[in-house]
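Residue-level listing of the chains:
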Amino acid sequence: MSGLKLFHTTNGGVTEVAPRLAEVEADVQGLVEAHMETMLGVRFLASEYVIDCADGGRIDSLGLDENGAPVVVEFKRGTSASVINQGLYYMAWLMAHKDAFRNLVRDRLGVSAASQVLWSAPRLICVAGDFTRYDGHAVHEHRHSIDLVRYRFFGKDLIGLETVASVTGRTPAARRVRRSAAGLPPAREQGGALAELVEAVDEVLLGLGDGVSRVQRKQYRAYQRLRNFACVCPPQKTKLLVYLKADPKEVDLMPGFTRDVTGLGHHGTGDLEVQLRSERDMERAVDLFRASYAAA
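About the criteria used
- Here the residue index of a chain counts from 1 through its sequence in written order.
- Residues qualify for local features only when their pLDDT is at least 70, as the model is predicted, and side-chain atom pairs are given and counted only at 80 or more; totals for whole chains, interfaces and linings, by contrast, use all residues.
- Side-chain numbers come from the whole structure's heavy atoms, not from hydrogens or water.
- To get an axis, a line is fitted to the C-alpha atoms, and for a helix only the part in contact is used. The angle between two axes follows their N-to-C directions and goes from 0 to 180 degrees.
- Only DSSP runs of H or I covering at least 4 residues are called helices, and only runs of E covering at least 2 are called strands; the numbering of each starts at the N terminus.
- Roughly parallel here means an angle under 35 degrees, roughly antiparallel means over 145, roughly perpendicular means 65 to 115, and every remaining angle is called oblique.
- Contact between two residues is taken to exist if any of their heavy atoms lie within 4.5 Å; hydrogens are not considered.
- Multiplying 1.5 Å by the helix residue count minus one yields the expected span of that helix.
- Note on classification: 1.4 Å probe, protein chains only; a residue is buried when its accessible area is under 20% of the maximum for its type, exposed when over 50%, partly exposed between these limits.
- We call two N or O atoms a polar contact when they sit within 3.5 Å, provided that within protein one can donate a hydrogen and the other can accept it, with sequence-adjacent residues counted only if both atoms are side-chain atoms.
- The pLDDT score gives, residue by residue, the confidence of the prediction method on a 0 to 100 scale.
- Pairing between strands requires that DSSP locate at least two bridges from one strand to the other.
- Side-chain atoms within 4.5 Å are what join buried Ala, Val, Leu, Ile, Met, Phe, Trp, Tyr and Cys residues into a set we call a nonpolar core.

### Comments concerning the packing of helix 3 (residues 83-96) against helix 4 (residues 98-109)
- With their axes 5 Å apart at the nearest point, helix 3 and helix 4 run at an angle of 85 degrees to one another. Judged by the inter-axis angle, helix 3 sits roughly perpendicular to helix 4. For the pair helix 3 and helix 4, the contacting residues are Trp93, Leu94, Met95 and Ala96 in the first and Lys98, Ala100 and Phe101 in the second.

### Side note on helix 3
- The end-to-end C-alpha distance of helix 3, which contains 14 residues, comes to 20 Å, matching closely the 20 Å that a straight helix rising 1.5 Å per residue would cover.
- Residues Val83, Ile84, Gly87, Leu88, Tyr90, Met91, Trp93 and Leu94 constitute the buried set of helix 3.

### Regarding the environment of glutamate 273
- Counting through the fold element by element, glutamate 273 comes out in strand 14 (residues 272-276).
- Beyond its immediate stretch of four places on either side in the chain, glutamate 273 contacts Leu241, Val242, Tyr243, Phe257, Thr258, Arg259 and Val261.
- Separated by 2.7 Å, the side chains of glutamate 273 and tyrosine 243 make a polar contact.

### Quick notes on the environment of aspartate 52
- Considering the arrangement of structural elements, one finds aspartate 52 in the loop between strand 3 (42-50) and strand 4 (58-65).
- Each C-alpha atom, one on aspartate 52 and one on histidine 97, is 9.4 Å from the other, the two residues being 45 residues apart in sequence.
- Filtering out sequence-adjacent residues up to four positions away, aspartate 52 remains in contact with Trp93 and His97.

### A few points about the confidence of the model for the chain
- Chain-level pLDDT for the chain is 87 on average; 88% of the residues reach the 70-or-more range.
- Of the regions scoring below 50 in pLDDT, residues 171-190 engages in 28 contacts with residues more than four places distant in sequence or in other chains.

### Things to note about the sheet that holds strand 10 (residues 221-224)
- Reading across the sheet, the 6 strands line up as 9-10-11-12-14-13 and stay open at both edges, with antiparallel pairing between neighbours. Edge positions in the open sheet fall to strand 9 (213-216) and strand 13 (258-260), since each of these has one partner strand only. Taken over all neighbouring pairs, the strand axes of this sheet differ in orientation by 20 degrees on average, direction set aside.
- Examined bridge by bridge, strand 10 and strand 11 (residues 228-232) share 4 bridges and lie antiparallel to one another. When the bridges of strand 11 are listed, arginine 221 appears paired with valine 232.
- Lying on the sheet, helix 9 (residues 192-206) is in contact with strand 9, strand 10, strand 11, strand 12 (240-244) and strand 14; it crosses strand 10 at an angle near 20 degrees.
- Helix-sheet contacts for helix 10 (residues 279-295) involve strand 11, strand 12, strand 13 and strand 14, and the interaxial angle to strand 14 is about 155 degrees.

### Some thoughts on the nonpolar core
- Residues Tyr49, Ile59, Leu62, Phe101, Val105 and Leu148 are the most contacted members of the largest nonpolar core, which totals 31 residues.
- Looking at this core, the elements with two or more residues in it are strand 3, strand 4, helix 3, helix 4, helix 5 (111-115), strand 6 (123-128), strand 7 (145-154) and strand 8 (158-167).
- Top element by residues in this core is helix 3. It accounts for 7 residues.
- Beyond its immediate stretch of four places on either side in the chain, tyrosine 49 contacts Gly57, Arg58, Ile59, Leu62, Trp93, Ala100 and Leu104.

What follows is the structure, encoded as structure tokens:
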């Protein structure tokens, strides 16, 4: 379970501190949708999306995460035994109607985003007042990426989100990534020492805590909890570039090791660039990895 993350939703002061549930489901849905990228790392696409099938239905929210993966978000005010199954039903519809989703992405985010949807890593995020121990067990029995997120309101302008369970999808593509050396070319192509460094970084990032998932894209590999906390680019001739969500302003930057790339174009997400050339560099970077993990 990750720590509780608090988000200010207005500029007003906090007048109450006791945690509470929303009055109605629409309250938490509307609030998260209005701040979805900040809270979940997901670009909002649509609310109450009507699906075209015999059984009908409305998907609470649709979005696209930082890596271009399609995301279904389902909300419940309190505890509901149906939230996971309902979300999986909508995810199955989404994967069977890719053109409809591409059209939605194209209309909201443009042609380029629509052409780069990462269909190998669809996600379901369930946001609810609470979950049962059966819910926590159930997510581990599915092959999909599922995040269970508990919410609480605090006063008038704070909402807290806490990840109760996070499971990485076990799609065929994901299994191929795990069996390869983190999705990168074999050692004979990259050089033995650098290939070993890639594998060491992969092991450290995956081992930072429960619920870390790895998403492979052509240009980078992302490590995420609910949001990305590290992105590793394919190795260059002499170094490996890792981008972190740690705040560069809070880091003592060292030329040749760390760099503030805020506002600079690069693959992946994160404003702190870490340059690794040896396992000693990686050992120096572990505290930065932990800080970025905590920030996510």
